[in-house]
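Residue-level structure breakdown
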Amino acid sequence: MFDYETLKLIWWVLVGVLLIGFALTDGFDLGAVILMPLIGRTDSERRVVLNTIGPHWEGNQVWLVTAAGALFAAWPIVYAASFSGFYWAMMLVLFALFARPLGFDYRSKLDNPNWRSRWDWALCLGSFVPALVFGVAFGNLFLGVPFMLDNTMRISYTGNFWGLLNPFAILAGLVSLTMLMTHGATWLMMRTDKQVLQRSRTATQILSTAYLITFIAAGLWLWFGIEGYSVISVIDFNGAIDPLSKVVEQNNPGWMANYTQYPIMRIAPIVGIIGGVLALLGATINRSALAFLGSSLAISGTICTAGFALFPFLMPSSIDFASSLTMWDAVSSHKTLGIMFIAAAIFVPIILVYTLWSYIKMWGTVKVADIDGDPHGLY
Amino acid sequence: MISETLVDLSRFQFAMTAMYHFIFVPLTIGLAFLLAIMESVYVLTGKEVYKDMVLFWGKLFGINFAIGVATGLTMEFQFGTNWSYYSHYVGDVFGAPLAIEGLMAFFLESTFIGLFFFGWERLSKHQHLAVTWLVAIGSNLSALWILVANGWMQNPVGAEFNYETMRMEVTDFAALIFNPVAQVKFVHTVAAGYVTGSIFVLAISSWYLLKKRDLGFARRSFAIASAFGLASILSVIVLGDESGYEIGDVQKTKLAAIEAEWHTEKAPAAFTLVGLPNMETQSTDYAIKIPYAMGIMATRSLDTEVTGIKDLIAQHEVRIRNGMLAYERLQVLRGGDRSAENVALFDEVKQDLGYGLLLKKYTENIAEATEEQIKLAAADTIPHVPSIFWAFRFMVGAGFLMLLLFVLAFWASTKHNQEHKTWLLRFALLSLPLPWIGVQAGWYVAEVGRQPWSIGEVLPTFLSTSSLSSGDVLGSIITIAVIYTVLIIIEMFLMIRFARKGPSCLHTGRYHFEQNTTKKL
């Protein structure tokens, strides 16, 4: 089996993979539903939007559930510190996520237009809030989170909800929001036709431009305006773990240090930008697959950009630097990481196979005529 | 010290959201299996009415499943948001089954449920049947992993405390999976889910039969539900998890509370059928006892004793004193003096560290706790006996009533005369709440019976919370309560509306509300 150091790295990659998996799959259904009230003008058009994701949103959402589960298992104290520290942000995401399963399943069960319109707004808001808050939470990681650990590893948190809503974090939230909305729009380009397709193209053009602007702006702000963190003591990669035993300081270039030290990592922001440009191009020349590839690359590039910049940090502390959690010292035991790796190595490929099968089976353009022809069967 | 209000509020929020979530879970588990059975009959016989059954009960299943998924998220979030010390302290062990649940079960169930609803036109008959079975298997595997996690809270095997990281770590993963408490719980809980699904189908079908509507549809649904329900309720009762109560100290304490067994009796002990357990006097007033019954039920033998509460408290007091020593030695190690000798000293007593932590409720300085504080902590090791005693009896009572119903219903459906037995149909309809009374009471016994521990003998509940303000938790309780109330009103509204319409909501043109007269199939 792998040594501890390798497994720590593997899990850092795997959590990233799960996050990207979540953003690539659940990302388009979040994005598409946020856009639904704008792109779907009539009830039938809105149902077209919902039915493109109808067979898939449940499976997609499991990427989020599993990513949170993996966080719990692989980095328990990160799960503990982030979920309890960001208490009201997490509650807000949770309340928003309540609306989705019910909205999808219940909306079209009754014909009443009031009923349907309320669910449409609940779905839209329920998708908007997580898309924004995930980005805001990530943004706050770069600024450091006001928490500390005591000698028994109990976490205390001194910030509050409003403190999360600082300008940089809001910009990060907009990156996440425009990125996922672009992805939703390119998904709809692939799966719809006529007016819905045309509106999705326009949405992709606007949103991918907005994504490119916010992504680059956030990058520049991070580069020039925000002090990063670095570990200055020697880390025992393979050894027993006690976050409190390390020395951390806040310094510049901090978050850019990895990009200087490992130039290969620069590929991530480049992929993000290329992805945004491809989405814009695909929408302009009406190549929906190209646009979807573009938004997928933009998502992967963006998440990697953030992860690479933070490495090895997962959650830096702004009030007690030594309490900062890194992927070397906030992890589960060697044994648990090993067992979890085996489970992931077996099940992730199986999941990918049957997920792909379900997409192949349900592929095709969803048309207004299909919806009108089956008023009781679909969403 | 951690505020008691915060602990109580956090517990209240967890109990509220868990019990609410478990309104929907057993119905999902049970209906998923019933749908798979109905669709198998459809594929084997080719009769359209069975496909209609899958579609109709599937519609009700979907209404229930959506809210089950939504409220399940709360559970996953809540360990981190409200129980962050718990998440740190046992995440190395407890997180793994939850993550594997996602990878192995929830993905399977959720991916295929999309195809179950949307795939009728796109998949062949056999492919769709496979999809339905995979949904059912996924929901069962999901229950398995969740109960492995829960079983570990009751009986924490295969893990050890690591003083360097201040947490429990896995030593033997196989022991965790094959934890006998988890295995017994799994069988008992999923079988209770099958019973819930069966009662649901049986009660609603009986209503159609009472209304003399859609008879062919209702009769067949009734038959499948009664047969599957009978098999399931027998499993629930025979494989009841009482046998799991022998294992581990927490389970022993729970057993003593269930039976209100204050003194250790000579084996085989008598079973207290009913009575009023009194925590203050440590006795049960007005007890009606059945000789020998408990000893046989609980220990499956004639000569094993069931330890009484007073003896348990005395045993726990010894372990608390030991735990004080463990805590003191841990402080030395955490202070940095990690010589081999100090580690060995700690290892001698570390199995009682959890008992030492019980004193944190009364003093910051555990090593110097007073005699009075030790007595208080020892008394705390016994959960609230009267409510556990009665919850258990409600659960068993509901179980036996349902057994009676399924026996009668199965008998009637083999004789094909159920639609003429109005009393039986009314009995079935009125039994609709029984499985929910049973499962909620059962979980009350399991989880309140585990107190004062969040992880049996390892971590006290009051230490497990996050460092939040009581106001934060009160705020989230109120918000969740409001949202959950709205959600259940909407859910019940849809459920009742579609159940009332019956298979006519499928718009096949074959059922009651689509015809002018009642037509038999």
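Provided above is the structure to which this section pertains.
The sections below set out a description of the structure shown in this document. (Residues numbered from 1 in each chain as written. Chains lettered and ligands numbered in written order. Predicted model: local features only at pLDDT ≥ 70, side-chain atom pairs only at ≥ 80, totals over all residues.)

Here the focus is the overall build of chain B. Regarding its fold elements, chain B presents 17 helices and six strands. In terms of C-alpha radius of gyration, chain B reaches 25 Å, essentially the compact-globule figure of 24 Å for 521 residues. Its C-alpha atoms give chain B principal-axis dimensions of about 85 × 50 × 40 Å. Residues classed as buried in chain B amount to 55% of the 521 residues present. Across chain B, every contact between residues at least 6 apart in sequence was considered, and the portion connecting residues at least 24 apart equals 75%. (Helix = DSSP H or I, 4+ residues; strand = E, 2+ residues; numbered from the N terminus. Rg over C-alpha atoms; globule rule 2.2 N^0.38 Å. Buried ≥ 20, exposed ≤ 12 C-beta atoms within 10 Å, placed from the backbone. Contact = placed C-beta atoms within 7 Å.)

Residue and element names in this part refer to chain A. Counting through the fold element by element, alanine 279 comes out in helix H11 (residues 267-284). In this structure alanine 279 comes out as buried when scored by C-beta crowding, with 32 C-beta atoms within 10 Å. Ignoring anything within four residues of it in the chain, the contact list for alanine 279 reads Thr182, Thr186, Thr204, Ser208, Ala291, Gly294, Ser295 and Ala298.

Residues and elements named next belong to chain B. Of the two faces of strand S1 (residues 159-162), only one is covered, namely that formed by Ala159 and Phe161; the face formed by Glu160 and Asn162 stays uncovered. Pairing analysis gives four bridges linking S1 to strand S2 (residues 167-170), with the strands arranged antiparallel. Bridge assignment links alanine 159 to a residue of S2, and that residue is valine 170. In this antiparallel pair of consecutive strands, S1 and S2, the connection spans four residues, and methionine 166 shows a positive phi of 60°. (Pairing = 2+ DSSP bridges.)

By a frequent convention, interface size equals the accessible area lost on bringing the separate parts together. Facing 57 residues of chain B, the contacting portion of chain A comprises 60 residues. Across the side of chain B that touches chain A, the residue classes break down as 29 nonpolar, 20 polar and eight charged. (Nonpolar A, V, L, I, M, F, W, Y, C, P; charged D, E, K, R; others polar.)

The next subject is the packing of helix H6 (residues 113-143) of chain A against helix H8 (residues 167-191) of chain A. All names here are of chain A. H8 packs onto H6 with a crossing angle of 140° between their chain directions and a minimal axis gap of 7 Å. Accordingly, the angle class assigned to the pair H6 and H8 is oblique. Pair H6 / H8 crosses with right-handed handedness. Here Ala131, Leu132, Val133, Phe134, Gly135, Val136, Phe138, Gly139, Asn140 and Leu143 of H6 come into contact with H8, specifically with Phe168, Ala169, Ile170, Leu171, Ala172, Gly173, Leu174, Val175, Ser176, Leu177 and Leu180. (Axes fitted to C-alpha atoms, helices over the stretch in contact; angles between N-to-C directions. Parallel < 35°, antiparallel > 145°, perpendicular 65-115°, else oblique. Left-handed = near helix turned anticlockwise from the far one by under 90°.)

What follows covers the nonpolar core. Counting 286 residues, the largest nonpolar core has Val78(A), Leu34(B), Met38(B) and Trp57(B) as the members making the most contacts within it. Of the residues forming this core, the biggest block, 22 residues, is contributed by helix H3 (residues 84-118) of chain B. (Core = buried A, V, L, I, M, F, W, Y, C linked by C-beta atoms within 7 Å.)

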